[in-house]
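Coordinate analysis (summary)
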Amino acid sequence: MTVYANPGTDGAVFSYKPRYDHFIGGEYVAPAKGQYFENPTPVTGQNFTEIARGTAEDIDRAVDAGWKAFDAWGKTSVAERAVILNKIADRMEENLELLAVAETWENGKPVRETLNADIPLAIDHFRYFAGAIRAQEGGISELNNDTVAYHFHEPLGVVGQIIPWNFPILMAVWKLAPALAAGNCIVLKPAEQTPASIHVWLDLVKDLLPAGVLNIVNGFGIEAGAPLASHPRIRKIAFTGETTTGRLIMQYASENLIPVTLELGGKSPNVFFADVADEKDSFYDSALEGFTFFALNQGEVCTCPSRALVDASIYDGFVGDALERVKLVKQGNPLDTDTMIGAQASNDQLEKILSYMDIGKQEGAKLLIGGERSDLGGELSGGYYVQPTVFEGDNSMRIFQEEIFGPVLALTKFNGYDEAIEIANDTLYGLGAGVWSRSGTQLYRAGRAIQAGRVWSNTYHQYPAHAAFGGYKQSGIGRENHRMMLDHYQQTKNLLVSYANKAQGFF
Amino acid sequence: MSPRVEVTDAAADMLRHLATTYGPLMFHQSGGCCDGSSPMCYPVGMFRTGGSDVLLQTLEIEGLDPIEFYMSASQYEYWKYTHLTVDLVDGRGSGFSVEAPEGKRFMIRSRLLTDGELEEYGVEARS
């Protein structure tokens, strides 16, 4: 067990600076309007740094810096870019503990997750795209004896990226690594709830990137996000967030005729078939963990398995065992490596979760465990902690249909395969899903039948760089991760070449 | 008709304050990840509503132009049994909603509609 000291106190492995400006054109610059905003840690609710409050003028400046850098950066060899991405990964690995503590202080998530998931996954993401870009091939199509179509990949130019607050570093890296690998320049806006940790990362790696290749403008959505998304000189916009803003991003993109990728969340079903309970073995144990995964990252995951569907024939026994597992989830100081669930990322998030617990009770859902805010005492009393909570109810209830983005599980039962699939697909969203069965056939059929971009089968919450991630239905457009992500950051250039040396005969 | 969406005094005060900067305002109820399930407040004209949206309520707030409150029709299917109150809490931003820089956040509080209200709105009660 290790308890890291709070950043900024004696014995801390890391301390934030008192202020972070915008990073534009390879240097930190003050915001055009000179304004800053306070950034609190959800661990205690106390402010720990202040952040530049960006506006359209700052976005303009960053887009200019990106285009200034693009001519040279877009022409670097894939080998050069791969080397830089690998160096970024190495630098992060050397500073893993520092980054993990910074991320926990920023977001409130337990340090065991940042040490073992967020930061290692981000490191591997850079390495994956360093490899993917070098292995990528263009194409040659011999159309006839005299005519050849060559297909080349070219970078888009300057792209905009708007990052969510639930995995401030990892979600940024999901967007940064493929865009950089493909030779684009970037203007990135971190979430206003979690704007600081990306600058800790940047401090470690900024000397590795040419000036202007990566620009970070902080600020609020209305003041900096909207000017970025609607900017006439970006060539693509990527956004992770919710549906109304997703529509607004598409609206802006339609005005500028640029592509978008959107990841807009979900209400992921986690389906437990009857044969899960055939034996009380290590597989059964993994299924109980799968049930409990709704508490990972305090439920603030777009793919949170927030609907558990359990076969009626095993319901009482399995749910009983699963609730015992939920009771073992240790809530505490996020900087303690034994802590399994930390703080919600912001006060408004806490308030929203509590309002959903209220509507769940009003709609007649039965509270099985949790259901309240946690007061952990001492300095943690000011933080935003919620008990892991399980409601039993019906899929038509709002707590079964809306992404609460908290450690709140909506549990229901089904009778047989067909009803399981029907309930699983009765949702507006289709980002993630889980299926648990000892039968390979059932696992395969269910995985194919559920309308979701990622179906974890006999596992959950794994996020390897080499597996495509993205949504069906209202969960978004496009994919992240996997080599195919490069397509979202590249143009296709076709050279159609005739070697005939003679007229076609029309004129 | 009795209102399906109302605002608290704190939310109304914030709307009056925001209108001095942004002019006439509207809401679109969001869904999905991160700040989903939050009402997004925009200057009229910034967000385009369309055939996929339902106008739930036109809010009448003293001193302000009427504020339209929209939700996507697909989401409304799951929300149609609830009365909504727009409240205001301390917060740190959300999407492109205009109150975020004020350190506040609009938030929805819900209660179930009564049988009488459901009948008034022509919503069939849940089985």
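Everything quoted here is computed from the prediction, not taken from an experiment.

Definitions and limits used
- All residue numbers refer to position in the chain's written sequence, counted from 1.
- Working convention: letters from A go to chains and numbers from 1 go to ligands, in the order in which they are written.
- Residues qualify for local features only when their pLDDT is at least 70, as the model is predicted, and side-chain atom pairs are given and counted only at 80 or more; totals for whole chains, interfaces and linings, by contrast, use all residues.
- Starting at the N terminus, helices and strands are each numbered in turn, a helix being any DSSP run of H or I of at least four residues and a strand any DSSP run of E of at least two.
- Radius of gyration here is computed from C-alpha atoms only, and the compact-globule reference equals 2.2 Å multiplied by the residue count raised to the power 0.38.
- Partly exposed residues are those falling between the two cut-offs: more than 12 but fewer than 20 other C-beta atoms within 10 Å of their own, whereas 20 or more means buried and 12 or fewer means exposed, with C-beta atoms placed from the backbone.
- We call two residues in contact when their backbone-placed C-beta atoms lie within 7 Å.
- UniProt positions are given in the numbering used here, feature names are shortened, and annotations may be inferred rather than shown by experiment.
- Nonpolar cores are built from buried Ala, Val, Leu, Ile, Met, Phe, Trp, Tyr and Cys residues. These are joined into a set through C-beta atoms within 7 Å.
- Here the nonpolar group is Ala, Val, Leu, Ile, Met, Phe, Trp, Tyr, Cys and Pro; Asp, Glu, Lys and Arg are the charged ones; every other residue, Gly included, is treated as polar.
- At least two DSSP bridges between two strands are required for those strands to pair.
- Here an axis means a line fitted to C-alpha atoms, over the contact stretch when the element is a helix, while the angle between two N-to-C directions is reported on a 0 to 180 degree scale.
- Domain borders in the structure are assigned automatically or taken from a domain database.
- The cut-offs work like this: below 35 degrees is roughly parallel, past 145 is roughly antiparallel, 65 to 115 is roughly perpendicular, and the gaps in between are oblique.
- Should the near helix be turned anticlockwise from the far one by less than a right angle, the crossing is termed left-handed; should it be turned clockwise, right-handed.

**What to know about the overall build of chain A**
- Helix and strand counts for chain A come out as 14 helices and 27 strands.
- In terms of overall dimensions, chain A is globule-like: its C-alpha atoms have a radius of gyration of 24 Å, near the 23 Å expected for 507 residues.
- Principal-axis analysis of the C-alpha atoms gives chain A an extent of 80 × 60 × 40 Å.
- In chain A, which comprises 507 residues, the proportion classed as buried is 56%.
- A separation threshold of at least 6 residues defines the contact pool for chain A, and within that pool the share at least 24 residues apart is 72%.

**Quick notes on the UniProt feature "active site" (unreviewed entry) in chain A**
Residue and element names in this part refer to chain A.
- Here, the residues flagged by UniProt with the feature "active site" (unreviewed entry) are Glu263.
- By the element assignment, Glu263 lies in strand E12 (residues 260-263).
- A residue is classified by how many C-beta atoms lie within 10 Å of it, and Glu263, with 30 of them, is buried.
- With near-sequence residues (within four places) excluded, Glu263 lies in contact with Thr240, Cys302, Gly470, Gly471, Gly476 and Glu480.

**A closer look at the nonpolar core**
- In this structure, A:Leu85, A:Ile169, A:Val187, A:Phe272 and A:Ile399 are the most contacted members of the largest nonpolar core, which totals 189 residues.
- In terms of residue count, helix H4 (residues 111-135) of chain A provides more of this core than any other element does, 13 residues in total.

**Some points on the interface of chain B and chain A**
- Tallying the contact residues gives 38 residues for chain B and 40 residues for chain A.
- For the side of chain B that touches chain A, the elements supplying multiple residues, two or more each, are helix H2 (73-79), strand E6 (82-90) and strand E7 (104-112) of chain B.
- Element by element, the count of residues in the side of chain B that touches chain A is highest for E7(B), at seven residues.
- For the side of chain B that touches chain A, the class distribution of residues is 14 nonpolar, 16 polar and eight charged.

**Topic: the sheet that holds strand E7 (residues 147-155) of chain A**
All names here are of chain A.
- Strand order across the open sheet formed by three strands is E6-E7-E27, with antiparallel pairing between neighbours. Sheet topology places strand E6 (139-144) and strand E27 (490-498) at the edges, where each strand pairs with a single neighbour. On average, each strand axis in the sheet is tilted by 20° relative to the strand beside it, whichever way the strands run.
- With five bridges joining them, E6 and E7 adopt antiparallel strand pairing. When the bridges of E7 are listed, Asn144 appears paired with Thr147.

**As for the domain arrangement of chain A**
All names here are of chain A.
- Partitioning chain A into structural domains gives domain 1 (19-136 + 157-264 + 475-493) and domain 2 (269-457).
- Listed per partner, the contact involves 20 residues of domain 1 and 25 residues of domain 2.
- Of all the elements in the fold, those that place two or more residues in the side of domain 1 that touches domain 2 are helix H3 (96-107) and H4.
- Here the residues of the side of domain 1 that touches domain 2 sort into six nonpolar, ten polar and four charged.

**A short note on the sheet that holds E6(B)**
- Spatially, three strands are ordered E1-E6-E7 (chain B) in an open sheet, and the strand pairing comes out mixed. Two strands close off the open sheet at either side, each with one partner strand: strand E1 (5-7) and E7 of chain B. Averaged over all pairs of adjacent strands, the angle between strand axes in this sheet comes to 25°, irrespective of strand direction.
- In the sheet, E6(B) pairs with E7(B) via nine bridges, with the strands oriented antiparallel. Residue pairing for E7(B): B:Thr85 is matched across the bridge by B:Arg109.
- Running over the sheet, helix H11 (residues 347-362) of chain A touches E6 and E7 of chain B and is turned about 5° from E7(B).

**Section: the packing of helix H1 (residues 56-73) of chain A against helix H7 (residues 221-229) of chain A**
All names here are of chain A.
- Running from amino to carboxyl end, H1 crosses H7 at an angle of 40°, the nearest separation of the two axes being 8 Å. Classified by the interaxial angle, the pair formed by H1 and H7 is oblique. Considering only the axes of H1 and H7, their crossing is right-handed. Contacts between H1 and H7 involve Ala56, Asp58 and Ile59 on the former and, on the latter, Ala224, Pro227 and Leu228.
- Across the contact of H1 with H7, the residue classes break down as five nonpolar, no polar and one charged.

**As for the UniProt feature "domain: Aldehyde dehydrogenase" (unreviewed entry) in chain A**
- The feature "domain: Aldehyde dehydrogenase" (unreviewed entry), as given by UniProt, occupies residues 31-494 of chain A in the numbering adopted here.
- The distance from the first to the last C-alpha atom of residues 31-494 of chain A is 42 Å, and the span holds 39% helix and 21% strand.

**Brief notes about the environment of A:Gln298**
All names here are of chain A.
- Here Gln298 shows up in the loop between helix H9 (282-292) and strand E14 (307-311).
- Placed 190 residues apart in sequence, Gln298 and His488 show a C-alpha to C-alpha distance of 30 Å.
- In this structure Gln298 touches Lys109, Ile341, Gly342, Gln344, Gly406 and Pro407, once residues within four positions along its chain are discounted.

**Some remarks on unusual backbone geometry**
Residues and elements named next belong to chain A.
- Unusually for a residue other than glycine, Phe405 sits at a positive phi of about 60°.
- With respect to the helices and strands, the residue Phe405 is situated in the loop between helix H12 (398-401) and strand E19 (408-414).
- Given 29 C-beta atoms within 10 Å, Phe405 falls into the buried group.
- Even without being glycine, Lys473 reaches a positive phi, approximately 50°.
- Lys473 gets classed as partly exposed once you count the C-beta atoms within 10 Å, which come to 17.

**Remarks on the pairing of strand E5 (residues 47-52) of chain A**
All names here are of chain A.
- As paired strands, strand E1 (residues 19-20) and E5 are joined by two bridges and run parallel to one another. The residue of E5 that forms the bridge with Arg19 is Glu50.
- Judged from the five bridges that link them, strand E4 (residues 36-40) and E5 form a sheet pairing that is antiparallel. The residue bridging Asn39 from the neighbouring strand is Thr49, located in E5.
- Connecting E4 to the next strand, E5, in antiparallel fashion are six residues, including Gly45 with a positive phi near 85°.

**Let's talk about the environment of B:Leu88**
All names here are of chain B.
- Checked against the element boundaries, Leu88 lands in strand E6.
- With 21 C-beta atoms packed within 10 Å, Leu88 lands in the buried category.
- Separated by 81 residues in sequence, Leu88 and Val7 place their C-alpha atoms 9.0 Å apart.
- What Leu88 contacts, discounting residues up to four positions off in sequence, is Thr8, Ala10, Ala11, Met14, Lys104 and Phe106.

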